[in-house]
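Residues per chain, in single letters:
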Amino acid sequence: MPSPSEARNALADSLRRHAPADEEEARDRDRILEFVLRHERPFDRAILEGHLTGSAITVSADGTSVLLLHHRKLDRWLQPGGHGDPGETTGEAVALREALEESGIAGLALHPGAPRPLDVDVHDIPARGSEPAHEHLDLRYLVVAPEGAVVSPDLAELHEIRWVPWDDVDDLGPDHGLRRALAKARAVVSPRG
C-alpha cells in the first residue's frame, strides 16, 4: 500500500493526464487537482469544504449491462460509491470497497484497459443534520463483475440495485455527469459502443 504522500502524488499525476470528455469535466478535473494539491489527506471527511469520494462504474462480465442503485436519501439512480474509510489513500480502493459493500458482489476488479480514473465529477451535497453542505469530489473507476456475479445488497441505504442494459440507462434519468461516465464505460466494454 502506498504511503499517503505517494498515493496523493500518483493521483495528482493521473489527474494531470486525465482527458476530460467535456468542459464540465475539465473544470471538475482542475478543481479536484487543486484540492488534492492543497490537502495532505484529501479523502478525510473532516475537511469542511468537501472531500474525495470513490465510485465504481460496475459492468457485467459480458459488458452488456451496468450496475445501478436507487439511493434512499438522494432518491436518485447512481453508481456504487462513497466515502473513503480512515487509512484509505486511493480512489481505486474506495471504489472497490464501496462497490462490494453496496452490491455484495465478491471478486470485483478494476478494468485492466480503462483510464484511471475513468471520469471525475464534483457535486454539491446538501446540509443534513449536523453535517454542513459540502462537495463530493468523485473519482470514478471502471470495475468489472466476475462471471455469474450475484447481487446481494445491504438495502439500508438503497431502495433497489439492479443490472441495467445499456439501452435502458437513460430511462432512469441519470444526471449529465453520470451519463457521461456511463458512455465512457460503454465505449470501453462494448464493441459497438
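Below or above, wherever it landed, is the structure these notes cover.

### Overview of helix α1 (residues 4-17)
- Relative to the 20 Å expected for 14 residues at 1.5 Å per residue, α1 spans 20 Å between its end C-alpha atoms, a close match to the ideal helical length.
- All of the buried residues in α1 are Ala7, Leu11, Ala12, Ser14 and Leu15. Around the axis of α1, the buried residues are gathered within 165° of arc, so they sit on the same side.
- Each element contacted by the buried residues of α1 is listed here: α2 (23-38), β1 (50-59), β6 (119-125) and β7 (134-144).

### A word on α2
- Look at α2: 23 Å from first C-alpha to last across 16 residues, which is about the 22 Å you get at 1.5 Å a residue.
- The complete set of buried residues in α2 reads Glu25, Ala26, Asp28, Arg29, Ile32, Leu33, Phe35 and Val36.
- The inward-facing, buried residues of α2 contact α1, β1, β6, β7 and α4 (176-189).

### Digging into the layout of surface pockets
- As a volume, the second largest pocket reaches approximately 240 Å³.
- Lining the second largest pocket are 16 residues, and of these Arg41, Phe43, Asp44, Gly87 and Glu88 sit closest to its centre.
- For the lining of the second largest pocket, the class distribution of residues is 6 nonpolar, 3 polar and 7 charged.

### Some details on the pairing of β7
- Taken across its 11 residues, β7 has 10 buried, putting it largely inside the fold.
- Note: β1 against β7, 10 bridges, orientation parallel. Opposite valine 59, over in β7, you have valine 144 as the bridge partner.
- Where strand β5 (residues 109-110) meets β7, 2 bridges bridge the pair, whose relative direction is antiparallel. Across the sheet, the residue bridging to leucine 110 is valine 143, located in β7.
- In this structure, β6 lies alongside β7, joined through 7 bridges in antiparallel fashion.

Quick notes on the rules
Residues numbered from 1 in each chain as written. Predicted model: local features only at pLDDT ≥ 70, side-chain atom pairs only at ≥ 80, totals over all residues. Heavy atoms only, no water. Helix = DSSP H or I, 4+ residues; strand = E, 2+ residues; numbered from the N terminus. Expected span 1.5 Å × (residues − 1). Buried < 20%, exposed > 50% of the residue type's maximum accessible area, 1.4 Å probe, protein only. Arc of directions from axis to C-beta. Contact = heavy atoms within 4.5 Å. 1 Å grid on protein atoms, 1.4 Å probe; cavity = no way out; pocket = protein on both sides within 12 Å on 5 of 7 lines; lining within 4 Å. Points joined across faces, edges and corners; volume = space filled by probe spheres on them. Nonpolar A, V, L, I, M, F, W, Y, C, P; charged D, E, K, R; others polar. Pairing = 2+ DSSP bridges.

Shape descriptors only; they carry no functional weight alone.
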